[in-house]
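# Residue-level structure breakdown
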Amino acid sequence: MSLSQANVAVVGATGAVGEQMLAVLEEHEFPIGELRLLASERSVGKKIRFRGKEHAVKLLDENAFEGIDIVLSSAGGSVSEKFCPIAAQAGAVCVDNTSAFRMDPDVPLVVPEVNPDDIALYKSTGIIANPNCSTIQMVLVLDALNRVNPIKRVVVSTYQSVSGAGRTAMEELANQSVAIFNGKPVEKKKFPHQIAFNCLPHIDVFLANAYTREEMKMVNETRKIMGIPDFRLTATAVRVPVFSGHSESINIEFESAITPDEAREVLGAYKGITVLDEPEHNVYPVNGDASDKDDVFVGRIRADESVEHGLNLWCVSDNLRKGAATNAVQIAQILRERYL
């Protein structure tokens, strides 16, 4: 029998994703008994409003999880590595938004529309991993289409907003933009190059194969979520001077023929996807369409004339919502309803 209410802790409650987790919990009317907001010492005592009440932020420490059923964690990989096992030992299930456990073979990596049954695998560790934001929006599209026509190969290029790098990155874009408009020197802290009015083909560190870690996350996480170890996908991840919302250009080669109209029908029927595709009327997804929304928006669906069975498409998602907070809350909802 599911819990009528769950006691929920949000780790990293004062961060950008933590704030969105609280917003989504409220909007989805998640049944909460006790809400415990946890953060580092510098945020202790800060008041956050949730469902009309003020909640004081408490210290994240080894004793913070007693009586908690579900932990939503988004405070950085090193924090998760330390505290998620502690929370699990205390009897909670952790839904972790960092990369700390994503490729751990004992930890399920879940997008609820794609592989909800994998949630049951949490029992060995007490931890469920939330995928990378750019992976989540792409894998919805790929899963929808792969179910009706097996995919041979994918080439994806991302256009990722600075919010994916945190609040300091958003501040850097704002400060650099103001400096440029006022003819003042630009300061660089978060990024290796100026991000204002610039595009950086560099997200996370470069690896030995010359891809970045972000690009390889998309490859490896997609394979794990879809359960296809040899899924053929290559990625180029680019940071763009946009405050919020990630966009992706996705080229897909299929085993057999598929028309753009067929793809529109399949995608439009898939839970969590909204199709906006009337280019003759300038209708296609842009960041504003996805802002504060839970769906992934898809458009510019067209035949790839360079291969026999190929499509190109464009998809947009709010990276702090479906790319992080919403996906985590959806996992928590299934946990509460089916397993706790």
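Residues numbered from 1 in each chain as written. Predicted model: local features only at pLDDT ≥ 70, side-chain atom pairs only at ≥ 80, totals over all residues. Heavy atoms only, no water.

Take helix α8 (residues 321-339) next. Given 3.6 residues per turn, any residue in an α-helix points the same way as the ones three and four places further on. In α8, a bend of some 35° at Asn327 exceeds every other bend along the element. Burial analysis of α8 places 16 of its 19 residues in the buried class, which makes it a mostly covered element. (Bend = angle between axes of the 7 residues up to and from the residue. Helix = DSSP H or I, 4+ residues; strand = E, 2+ residues; numbered from the N terminus. Buried < 20%, exposed > 50% of the residue type's maximum accessible area, 1.4 Å probe, protein only.)

Time to look at the pattern of salt bridges. This model, assessed by the stated rule, comprises 17 salt bridges. The shortest N-O distance in the salt bridge between Arg102 and Glu221 comes to 3.4 Å. Linking Arg102 in the loop between β7 (93-96) and β8 (127-129) with Glu221 in helix α5 (residues 213-226), this pair joins segments that are 119 residues apart in sequence. As far as burial versus exposure is concerned, Arg102 and Glu221 are alike and both buried. In this structure, the salt-bridge partner of Lys152 is Glu253, at a minimum N-O distance of 3.6 Å. Within this pair, whereas Lys152 is found in strand β9 (residues 151-160), its partner Glu253 is found in strand β11 (residues 246-254), the two being separated by 101 residues in sequence. Classification of Lys152 by relative accessible area gives partly exposed; the value is 32%. (Salt bridge = Lys/Arg side-chain N within 4 Å of Asp/Glu carboxyl O.)

Where two aromatic rings form a pair, the distance of their centres and the angle of their planes describe that pair. Scanning the model with the defined rule gives three aromatic pairs in all. Aromatic pair Tyr159 and Trp314: ring centres 5.2 Å apart, planes at 55°, arrangement tilted. In this pair, Tyr159 sits in strand β9 while Trp314 sits in strand β14 (residues 310-317), placing the two residues 155 residues apart along the sequence. Exposure remark for Trp314: the relative accessible area of 23% places this residue in the partly exposed category. A centroid spacing of 5.7 Å and a plane angle of 90° characterise the contact between Phe181 and Phe197, whose relative ring orientation is edge-to-face. (Phe/Tyr/Trp six-rings, centres within 6.5 Å; stacked < 30°, edge-to-face > 60°.)

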